[in-house]
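Summary of structural features
As a plain string of letters, each chain reads:
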Amino acid sequence: MDSGLHRNDTVVGKNIPDPSTSPLPSTAASLGLDPRAFLNPAQARRDPRVKPEGGDCGVRRQCKIAGIVGGAEQPYQFAATHQRDGLPPPRLSIPRPARYKASRETGARAMATYTDIARRVYNHTWKLDPIVRSLLDTDFYKLLMLQMIWGLYPRVNATFSLINRTRSVRLAEEIDIDELRAQLDHCRTLRFTKKEMIWLAGNSFYGSKQIFEPAFLKWLEEFRLPEYRLEQRNGQFVLEFPGAWVETSMWEIPALAIINELRSRAALKNYGPFALDVLYARAKAKMWEKVERLQKLPDLKISDFGTRRRHSFLWQRWCVEALKEGIGEAFTGTSNVKLAMDNDLEALGTNAHELPMVLAALAPNDEALMAAPYRVLQDWESYYGGNLKIVLPDAFGTDSFLKHAPDWVADWTGFRPDSAPAIEGGEKIIAWWKSRGRDPREKLLIFSDGLDVDMIEEAYLHFDGRVRMTFGWGTNLTNDFEGCAPDGPNPGLDPISIVAKVSEANGRPAVKLSDNPAKATGTPEEIARYLSVFGDAGMVAHAVKV
């Protein structure tokens, strides 16, 4: 079972130099810490000022230290396994610096893991360094949708296909196809572990216990990712996942995470350890500047949506932990299920475009095609309620969706406008709620399309007091290295717009129109047919960066 630790991970504090031979006591004093925290066990026992926290703790002692290791002001624990005179060292009580304030109390002591990301990246020299090590390293909405697909559409086939919208980036020339194949093959060996299954069965999600049916979890125990097709053509990868929808759906997130991290590794392979140190130090400082801006927005609610196009798993983990400390309760959780489990966070996510895309592809006529987006909501409501009743209106255009929506849709908790500019999309939905006699102040808007801090601030200030809102922060959270490379611009570190979408269902072509035609997917003939049914009202093309 993968513990989540990787080579060069260290339990924080293990590598702290011996205080008797290092300048750390003076460093501690300069930070407002008690220098006695850095006495070795023998010194501690001889110092009458050091009081044990209590009891015999064997050969392990736990000390809480802020701001020394890892560059973050949060409580760390370390184990000192050395022992002298056959006596157990005491547990030291060390005060936090005055400026430290815990973001939340967990009620339990968690062993913090510090990873030297730069050294970890430098050491990609072994045969296979798996990028995805757990089937839980996916977005939560995948599991929610999977349960519905398992229950209602177990015999539907659906093919997912990789689409690189950033055509100027020739992925097959940046990433070795054999490395990609090895990572995909490794994913097919993964199974949900006993620990993961217990967590899924026993945890509460969105305030509900046992959100996953026992029969579904029993089926999930034996789940494995299906086969895939991979080739390269004209500098791009042709990567497809054909098969049963209930199996192929789970390929989307790990496939995208693998490609993005392989691309990052390729961009960094010529950097030495010190250059990598500089790169990640700059990226951390840049990220923390964003945190400081978010701290100024009272009552902000924001979560991590950055799994699909992250720089790497370790970097996403660092960003999540930084947000947890930096903005406290304003950080509502993460879409990444593994990170939610490992960090005692809420796992967040509702539904995605694949649901209306598949049902629309299966529609026998234009009338059924027009009804497909609303049938999806009825299916969803048969499984989930409350804050999971979030409408994703833009699969075939938000204007068309709102125009033809039954009145009961207005009773749902909220909307996630995903391809229109945040303010424009939000205003459109607020106006629609009002036209249906609903109070927008009781509703929820989730903004998630290509957000950066400027967009978050702008939307927050614009809608504050008019509607409840939250933000799903994605690629610009977990893959923003612009200006961080020590040797000047490195295009390989720039994020790209890459997706894995349903391309066909039961042999019929699938389409997504979007409020932004630049995001449309499908064959030109099918896109034209869908436009003849749904129209193009409100659709405005604009550049897609991520």
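You'll find the structure just up there.
These lines cover the structure that appears in this document, whether it is placed above or below. Model, not experiment: these values are computed from the prediction.

This next bit is on the pattern of salt bridges. On inspection of all chains with the given rule, the structure shows 29 salt bridges. For Asp454, the salt bridge identified is with Arg293, shortest N-O distance 2.5 Å. Residue Asp454 is found in helix H18 (residues 453-463), and its partner Arg293 is found in helix H11 (residues 273-294); the two are separated by 161 residues along the sequence. For Asp454, a relative accessible area of 48% corresponds to the partly exposed category. Between Asp449 and Lys519 there is a salt bridge, with its nearest N and O atoms 2.7 Å apart. Taken together, the residues Asp449 in the loop between strand S12 (444-447) and H18 and Lys519 in the loop between strand S15 (508-509) and helix H20 (524-534) connect sequence positions 70 residues apart. Accessibility assignment for this pair places Asp449 and Lys519 in one class, buried. Here the salt bridges share partners, and the residues they tie into one network are Asp129, Arg133, Glu261 and Arg265.

Here H11 spans 32 Å end to end across 22 residues, near enough to the 32 Å set by a 1.5 Å rise per residue. Among all positions in H11, only Pro273, Leu276, Leu279, Tyr280, Ala283, Lys284, Met287, Lys290, Val291 and Leu294 are buried. Relative to the axis of H11, the buried residues are bounded by an arc of 130° and lie together on one face. Relative to its buried face, H11 has exposed residues pointing more than 90 degrees away, namely Phe274 and Glu289.

Spatially, five strands are ordered S6-S7-S3-S14-S15 in an open sheet, and the strand pairing comes out antiparallel. Two strands close off the open sheet at either side, each with one partner strand: strand S6 (229-233) and S15. Pairing geometry for strand S3 (residues 158-164) and strand S14 (residues 498-505), over seven bridges, is antiparallel. From the neighbouring strand, Ile163 faces S14, where its bridge partner is Val499. Against the sheet, helix H10 (residues 252-268) makes contact with S3, strand S7 (236-241) and S14, and its axis sits at roughly 145° relative to S14, the strand it touches most.

Inspection of the sheet shows S3 paired to S7 by two bridges, in the antiparallel sense. By the bridge assignment, Ser161 is partnered in S7 with Glu240. Of the strand pairs in this sheet, S6 and S7 are connected by five bridges, and their pairing is antiparallel. In the strand pairing of S7, Glu231 is matched with Val238. Taking the residues that link successive antiparallel strands as the turn, the S6-S7 hairpin has two residues, and the phi of Asn234 there is positive, at about 55°.

About the criteria used
- Residues numbered from 1 in each chain as written.
- Predicted model: local features only at pLDDT ≥ 70, side-chain atom pairs only at ≥ 80, totals over all residues.
- Heavy atoms only, no water.
- Salt bridge = Lys/Arg side-chain N within 4 Å of Asp/Glu carboxyl O.
- Helix = DSSP H or I, 4+ residues; strand = E, 2+ residues; numbered from the N terminus.
- Buried < 20%, exposed > 50% of the residue type's maximum accessible area, 1.4 Å probe, protein only.
- Expected span 1.5 Å × (residues − 1).
- Arc of directions from axis to C-beta.
- Pairing = 2+ DSSP bridges.
- Contact = heavy atoms within 4.5 Å.
- Axes fitted to C-alpha atoms, helices over the stretch in contact; angles between N-to-C directions.

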